[in-house]
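Coordinates in review
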Amino acid sequence: MKIAMIGTGYVGLVSGVCFSDFGHEVICVDKDPAKIEMLERGEVPIYEPGLDQLMAKNVEAGRLSFTLDLAEAIDGAQAVFIAVGTPTRRGDGHADLTYVMAAAQEIARAADHYMVIVTKSTVPVGTNRQVKQTVRKANPQLEFDVASNPEFLREGAAIEDFMKPDRVVVGVQNDRASEVMAEVYRPLYLREFPIVTTDLESAEMIKYAANAFLATKITFINEIAALCERVGADVKQVSRGMGMDGRIGNKFLHAGPGYGGSCFPKDTKALARIGQDHSIPMHITETVISVNEEVKRRMVNKLLDLCEGNFNGKTIAVLGVTFKPNTDDMRDAPSLTLIPALVGGGAKVRVTDPQGRHEGEALLPGVHWVEDAYKAARGADLLVILTEWNEFRALDLKKLARKMATPRLADLRNIYTVRDVKRAGFLAYESVGRAGFKKTQD
Ligand SMILES: NC(=O)c1ccc[n+]([C@@H]2O[C@H](COP(=O)([O-])OP(=O)(O)OC[C@H]3O[C@@H](n4cnc5c(N)ncnc54)[C@H](O)[C@@H]3O)[C@@H](O)[C@H]2O)c1
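The notes below deal with the structure included here. None of these values were measured; they are calculated from a predicted model.

What counts, and where the lines are drawn
Residues numbered from 1 in each chain as written. Predicted model: local features only at pLDDT ≥ 70, side-chain atom pairs only at ≥ 80, totals over all residues. Heavy atoms only, no water. Pairing = 2+ DSSP bridges. Helix = DSSP H or I, 4+ residues; strand = E, 2+ residues; numbered from the N terminus. Contact = heavy atoms within 4.5 Å. Axes fitted to C-alpha atoms, helices over the stretch in contact; angles between N-to-C directions. Patch = residues over 30% accessible without salt bridge, like charges linked within 9 Å, V, L, I, M, F, W, Y side chains within 5 Å. Areas by Shrake-Rupley, 256 points an atom, 1.4 Å probe, with all protein chains shown as cover. Salt bridge = Lys/Arg side-chain N within 4 Å of Asp/Glu carboxyl O. Lys, Arg positive; Asp, Glu negative; His and termini not counted. Charge placed at Lys NZ, Arg CZ, Asp CG, Glu CD. Near = heavy atom within 4 Å. Polar contact = N/O pair within 3.5 Å; in protein donor to acceptor, adjacent residues only side chain to side chain. Nonpolar A, V, L, I, M, F, W, Y, C, P; charged D, E, K, R; others polar. Buried < 20%, exposed > 50% of the residue type's maximum accessible area, 1.4 Å probe, protein only. Parallel < 35°, antiparallel > 145°, perpendicular 65-115°, else oblique. Left-handed = near helix turned anticlockwise from the far one by under 90°.

Considerations on the sheet that holds strand E13 (residues 408-411)
In spatial order, the strands read E11-E10-E9-E12-E13-E14-E15; together these seven strands make up an open sheet with mixed pairing. Only two strands of the sheet have a single partner each, and these edge strands are strand E11 (367-369) and strand E15 (437-438). Pairing geometry for strand E14 (residues 428-430) and E15, over two bridges, is antiparallel. Within E15, the position partnered with tyrosine 429 by the bridge is phenylalanine 437. Set on the sheet, helix H14 (residues 335-344) makes contact with strand E9 (315-319), strand E10 (348-352) and E11; between it and E10 the angle comes to about 150°.

A word on a negative patch on the surface
Where like charges cluster on the molecular surface, the negative patch consists of Asp69, Glu72, Asp75 and Asp112. If you trace the backbone, aspartate 75 turns up in the loop between helix H4 (70-74) and strand E4 (79-82).

Considering the site of the ligand
Neighbouring residues of the ligand: 25 residues in total, closest Asp30, Lys35, Thr86, Glu155 and Lys266. Between an oxygen atom of the ligand and a main-chain N or O atom of threonine 122, the distance comes to 2.9 Å. In this structure, lysine 266 approaches the ligand through a side-chain N or O atom, which is 2.6 Å from an oxygen atom. Compared with its free state, where it exposes 840 Å², the ligand has 89% of that area covered by protein. For the shell around the ligand, the per-class residue count stands at eight nonpolar, eight polar and nine charged.

Description of unusual backbone geometry
In the Ramachandran plot, phenylalanine 252 falls in the positive-phi region, its phi being about 60° despite a non-glycine side chain. Residue placement: phenylalanine 252 occurs in the loop between helix H11 (235-243) and helix H12 (264-277). Of note in this structure, asparagine 326 is not a glycine but carries a positive phi near 65°. Relative to the helices and strands, asparagine 326 is located in the loop between E9 and H14. Asparagine 326 gets classed as partly exposed once you look at its relative accessible area, which sits at 33%.

Some points on the packing of helix H10 (residues 200-231) against helix H13 (residues 283-306)
Two numbers describe how H10 lies on H13: the axes approach to 9 Å, and their chain directions differ by 45°. With respect to H13, the element H10 is oriented oblique. As H10 packs across H13, the resulting crossing turns out to be left-handed. Where H10 abuts H13, its residues Ala212, Ala215, Thr216, Thr219, Asn222, Glu223, Ala226 and Glu229 lie against Ile284, Thr285, Val288, Val291, Asn292, Val295, Arg298 and Lys302. Across the contact of H10 with H13, the residue classes break down as seven nonpolar, five polar and four charged.

As for the pattern of salt bridges
Following the criterion strictly, the structure yields 23 salt bridges and no others. For the salt bridge of lysine 302 with glutamate 430, the shortest nitrogen-to-oxygen distance reads 3.6 Å. Of this pair, lysine 302 sits in helix H13 while glutamate 430 sits in strand E14, and the two are 128 residues apart along the sequence. Of the residues examined, glutamate 430 reaches a relative accessible area of 23% and is grouped as partly exposed. A salt bridge links arginine 357 to glutamate 361; the nearest nitrogen and oxygen atoms lie 2.9 Å apart. Taken together, the residues arginine 357 and glutamate 361, both in helix H15 (residues 357-363) and four residues apart, mark about one turn of the helix. The structure contains a network of salt bridges with shared partners spanning Glu155, Asp329 and Arg331.

Following this line, the structure appears as structure tokens:
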């Protein structure tokens, strides 16, 4: 089967590579010449564990190639995927469909045989029908169908998620499109992974509902964490006790500095807008969005408390800037709120991240990048753990404390315990939703 993948970002590249590994012939297209040049040299433009080897294997096997030329990519393709960005539109929170509609136009202009145009990008309900109208208008002769196939992969575990999904969601309007989609996902059908075949609108809705629900779960535990601090409970124990209930589940119940990333912030905002447009306000999602902002503000206050109410003149070391470990993605990361607050308050900020520097440098002006946690800690007044990279899960706390001017730790991912930190010689410790401690300095 021949597949074209339009948009070779986090989702398009991973999907294209995995489809080629299924045995399909895949051509990935992007508008960005620098990206295509890198890919043609065998380099992966993003950090995603395992992607480089899988890509090399399938390029070598002759099943995977890259191009800037959309017409070349869709020539002979039975399925053409749209996997371009749908960022938040400036000003109103809606998903910006400019890239999706531009891709649909380009497909329509170049297509001359039957194909299924599949939207993999996260798009508001009704978008697939809009894609259909756009293509029909631009190329009335063309025989085609549309399908909605939202993607659920997680950055950092994207290949595993794509190859062993909890489910695949496919929205179609007829059997012909359904058969093409079944062929695309045949290896997963054969291994009996659940495939939800439904209508276009339900498929589009499933993606937003799933992401809004996950964002709600995270935000719920973050709010409970704030109450735990006030009443003397330990949110880690609370999460554990809650998560053992099969109806609740233990995933996405880790208190932290607020959700971020390329999906939850924009998808919750888009769902809230969809609700407003249809006069069914998404009260829960709207509240989640504002509570998440509050959570980030609360983190700034926590750091301020550890700095005796003033960042000015303090040296602060920040470990981790990406929105989660195992990715270089910085989109809407909590670091983009926290670090500017520190810099703006007059702190000297030293930053380290195993993969975040490349993206982070332009986004975080005024910080000093160093190679590792120990270099960051040298002479610092406060150490902040912001992203739970494995490197930061097994730090030599004693060594860190010795290097610092005033050893104080803000562990915003609840990795360490009061006991570990006290023993290592720290003077103060704060985490999220658990008791900390503060020794007075003599
Ligand atoms: N990143 C994730 O973890 C994730 C997970 C699930 C779903 N999604 C959804 O998938 C979609 C893509 O997200 P992403 O993170 O991969 O975005 P991205 O910004 O990493 O990649 C989009 C790519 O599309 C290219 N592009 C834009 N218009 C094009 C055109 N007309 N022709 C060819 N290329 C074009 C851009 O140059 C860019 O490389 C979004 O709707 C997102 O919500 C993302």
